[in-house]
Amino acid sequence: MKKIFSIYTLVVSLMLSSCEKWLDVNENPNSANSTVPTPDLRLPSILAQFVDGYESAGTRIALLSGQLATTGSTGNNFNFTRWYSTPASVGWPYQAWFVNTAVNIQPMMDKAKETESYHYIGVGKILYAWGYLTLADIYGMLPYDEAFNTEIMNPKYDDASLIYEKAIALLDEGIVELKKTQGNAALSLSLGDVLYQGDVDKWIKLAYGIKARHLNHLSKTSSFDSAKVLDALRSGPQLNLESAVYLYQDEIDSKSSATHSLQYQNNSANRVTKLYVDYILNNYTGAPSGNNNVQDPRFKLLIPGKAIVVLDPLTNTKRLDTVWSKGVDMATITDAGILSSNPDYFVMRRQNPLDLNTAAVGASSVFGTWYTEKGAKGLLLTNAEMRFIEAEVYLKKGEQASALSAYRAGIRAHIEQMGLNAGPYLNSTSVVQNAGQLTLSHIMIQKYIALSYSPEIFSDVRRMNYCTDATNEYNEATGIYKGFKRPGHVFTQEFPNTTMWPRRFAVASYSINYNIDQVLKQDPEATKVGYLAKPIFWDK
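Here the residue numbers are simple positions, counted from 1 along each chain's written sequence. pLDDT decides what is reported in this predicted model: residues at 70 or higher carry local features, side-chain atom pairs at 80 or more are listed and counted, and totals for whole chains, interfaces and linings draw on all residues regardless. Only heavy atoms go into the side-chain values, all of them from the structure, while hydrogens and water stay out.

Engineer: Where do I start with helix α6 (residues 160-178) in this structure?
Structural biologist: An α-helical turn contains 3.6 residues, so a residue and the one three or four places further along point in the same direction. Across its 19 residues, α6 extends 26 Å between first and last C-alpha, which sits within 8% of the 27 Å expected from 1.5 Å per residue. Whether a residue is buried, partly exposed or exposed follows from its accessible area with a 1.4 Å probe, protein chains only, as a fraction of its type maximum: under 20%, in between, or over 50%, in that order. The way it works is that DSSP assigns letters per residue, a run of H or I at least four long becomes a helix, a run of E at least two long becomes a strand, and they are numbered from the N terminus. All buried positions along α6 are accounted for by A160, I163, Y164, A167, I168, L170, L171, G174, I175, E177 and L178. End-on, the buried residues of α6 take up no more than an arc of 165°, which puts them together on one face. Between two residues, a contact is recorded if the distance between any of their heavy atoms is within 4.5 Å. Elements in contact with the buried residues of α6: α5 (118-139), β2 (141-142), β3 (158-159) and α7 (200-216). Helix span, expected: 1.5 Å multiplied by one less than the number of residues in the helix. The arc in question is formed by the directions pointing from the helix axis toward the C-beta atoms.

Engineer: Sorry if this is basic, but what is going on with the environment of N154 here?
Structural biologist: Tracing the sequence through the fold places N154 in the loop between β2 and β3. Sequence separation between N154 and P143 is 11 residues, and the spatial gap between their C-alpha atoms is 9.3 Å. For N154, the residues in contact, after removing those within four places along its chain, are E146, Y514, N515 and Q518. N or O atoms within 3.5 Å of each other form a polar contact, as long as, within protein, one can give a hydrogen and the other can take it, and as long as residues adjacent in sequence are counted only when both atoms are side-chain atoms. A distance of 2.9 Å separates a polar side-chain atom of N154 from the backbone oxygen of Y514.

Engineer: So what exactly am I meant to see when it comes to the nonpolar core here?
Structural biologist: To form a nonpolar core, buried Ala, Val, Leu, Ile, Met, Phe, Trp, Tyr and Cys residues must be joined to one another through side-chain atoms within 4.5 Å. Within the largest apolar cluster, 147 residues are counted, with the highest numbers of intra-cluster contacts made by W130, W203, Y407 and Y481. Not counting residues up to four positions away in its chain, the partners in contact with W130 are F50, Y54, L206, I210, R213, A244, L380 and L381. Among the nonpolar cores identified, the runner-up in size contains 5 residues, and A69, V328, I333 and Y345 belong to it.

Engineer: What exactly am I supposed to notice about the packing of aromatic side chains here?
Structural biologist: Note on aromatic contacts: the rings of Phe and Tyr and the six-membered ring of Trp form a pair at centre separations within 6.5 Å, being stacked when their planes are under 30 degrees apart, edge-to-face when over 60 apart, and tilted otherwise. Following the criterion strictly, the structure yields 34 aromatic pairs and no others. Considering the side-chain rings of F50 and W130, the 4.8 Å spacing of their centres and the 50° angle between planes classify their relative orientation as tilted. Residue F50 is located in helix α2 (residues 39-64), and its partner W130 is located in helix α5; the two are separated by 80 residues in the primary sequence. Considered together, F50 and W130 belong to a single accessibility category, that of buried residues. Here the aromatic rings of Y466 and W501 are separated by 5.0 Å at their centres, their planes lie at 25°, and the arrangement is stacked. Of this pair, Y466 sits in the loop between α17 (456-463) and α18 (509-514) while W501 sits in the loop between α17 and α18; the two residues are 35 residues apart in sequence, bridging distant segments of the chain.

Engineer: I'm lost on the pairing of strand β9 (residues 377-381) in this one. Help?
Structural biologist: For a regular strand, side-chain orientation follows a simple rule: the groups alternate between the two sheet faces. Among the 5 residues of β9, 4 are classified as buried, and the element is accordingly described as predominantly covered. Note that strand β4 (residues 244-247) and β9 share 4 bridges and pair antiparallel. Among the inter-strand pairings, Y246 is bridged to a residue of β9, identified as G378. Note on pairing: two strands pair once DSSP finds at least 2 bridges between them.

Engineer: I tried to follow the pattern of salt bridges on my own but got confused; where do I start?
Structural biologist: Where side chains of opposite charge bring their charged atoms close, a pairing between them can arise. Whenever Lys or Arg places a side-chain nitrogen within 4 Å of a carboxyl oxygen from Asp or Glu, that contact is recorded as a salt bridge. Enumeration over the complete set of coordinates arrives at 25 salt bridges. Close ionic contact of K125 with E173 constitutes a salt bridge, the shortest N to O distance being 3.0 Å. Here the residue K125 occupies a position in helix α5, and E173 occupies one in helix α6, the gap between them amounting to 48 residues. Residue classification places K125 among the buried positions, given a relative accessible area of 16%. In this structure, K180 engages E177 in a salt bridge whose closest nitrogen and oxygen atoms are separated by 3.4 Å.

What follows is the structure in structure tokens.
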């Protein structure tokens with residue numbers, strides 16, 4: 001813009017120098033460019049775009065990791081249920097990060113420096129680290145060092161191990177910035193922070209929580225340090241009120257189908273799996289059981305159902321009855337079967353309450369889950385997750401009592417996060433009561449429920465090696481995720497052997513189409529059959 005107007009501005013300035021500032025159209029505060037928006041104006045959009053990419057990645061992972069099945073027999077979501085992530089199907093998390101989110105973070109921090117608004121710089125560094133760590137986990141490699149260098153059209157790809165090293169250090173830098181005293185002209189973080197409303201302490205706890213999460217991902221490597229994980233947990237979220245929970249900005253009171261929450265848009269054509277339902281109903285090998293079993297109160301909020309108008313034979317009046325989805329059995333499904341209209345499976349439609357005064361007997365309405373209702377919340381990083389990480393670490397250290405306490409705290413936190421009473425269930429035989437009986441399977445299956453539709457599920461099932469033994473064959477006796485079998489319609493071209501399980505996403509189509517040379521420099525196997533079963537650095 002400055003070059004376009006330079007001659008005009010020069011001529012007019014010589015004629016009437018007093019109008020110079022008036023004619024400076026290059027920095028119009030009402031027209032956005034890379035320098036005009038202040039940090040408080042940029043942060044809300046950054047958060048919204050980050051959550052979009054994060055939650056969209058989580059839905060794809062839920063299809064890949066056994067929580068969801070799609071109703072179609074073709075397309076990207078169907079391929080995910082077959083463990084086939086095509087370059088096109090994995091593009092959105094990649095695009096949402098690089099194009100919509102990350103590119104805006106450095107300009108926000110640069111602008112924040114002008115007014116010594118250190119808190120925005122701290123938040124920027126945390127979000128930058130968090131986004132990169134998340135994508136490094138699922139893709140295994142990404143442009144990092146050269147990603148936003150405008151002089152490099154084809155940035156090199158960096159391995160996830162390098163990204164981990166630099167991003168975790170960036171979390172520490174973010175914490176330092178958040179602890180600084182802001183300058184006299186600084187903008188309050190509360191002006192742009194729609195996640196924590198400017199609560200700096202909660203952002204610091206979030207940074208430590210992200211650090212704990214990703215340090216724990218190293219559990220299969222020689223660099224794993226349980227003490228560092230526990231230290232980060234102690235400084236991370238301890239209460240549900242400290243969890244990172246994003247309320248989608250849909251029109252909560254509107255009945256328009258165009259204003260559904262993000263997870264509804266992602267899942268309105270999906271169905272839950274039998275594995276997911278079995279975990280919620282405590283119906284798996286080795287599940288806690290006894291004479292005082294109590295049904296998990298979350299089942300009505302997590303399992304889709306169908307409300308039906310029936311005639312009560314005793315009173316001869318109409319009443320509502322509910323039938324719950326039995327879940328799709330992915331181990332036996334076929335292409336035709338997943339497409340069929342099975343009456344035992346329900347998609348996650350938005351609830352449309354039936355009016356008993358006008359509805360006929362037999363009328364029905366399918367409804368979805370807590371995650372897909374209007375006003376649905378995105379659970380990005382929660383107290384519940386922190387407690388399950390704590391339980392895992394303590395159990396591996398042989399500290400069973402501490403592990404049991406953390407496991408139970410994790411269950412309570414998620415149930416209460418959903419607005420339910422955890423007491424009766426926690427005090428029943430449906431939950432492990434004896435420290436000596438607690439297993440890693442009990443912990444991870446409860447975490448699997450609490451992290452429904454989260455990208456973290458993929459990291460966990462890989463770290464725990466699904467439900468396999470040392471040979472990578474399915475083994476329910478020794479495996480962690482009991483009942484998690486290879487899908488019956490598995491994409492055998494990519495996963496020809498029964499010892500092969502998903503280990504990463506395909507390289508996004510943008511890189512395949514426009515930066516293939518750099519992709520192959522980092523990993524020559526990126527375009528070969530079997531690449532999706534190749535472990536990333538912490539999964540080896």
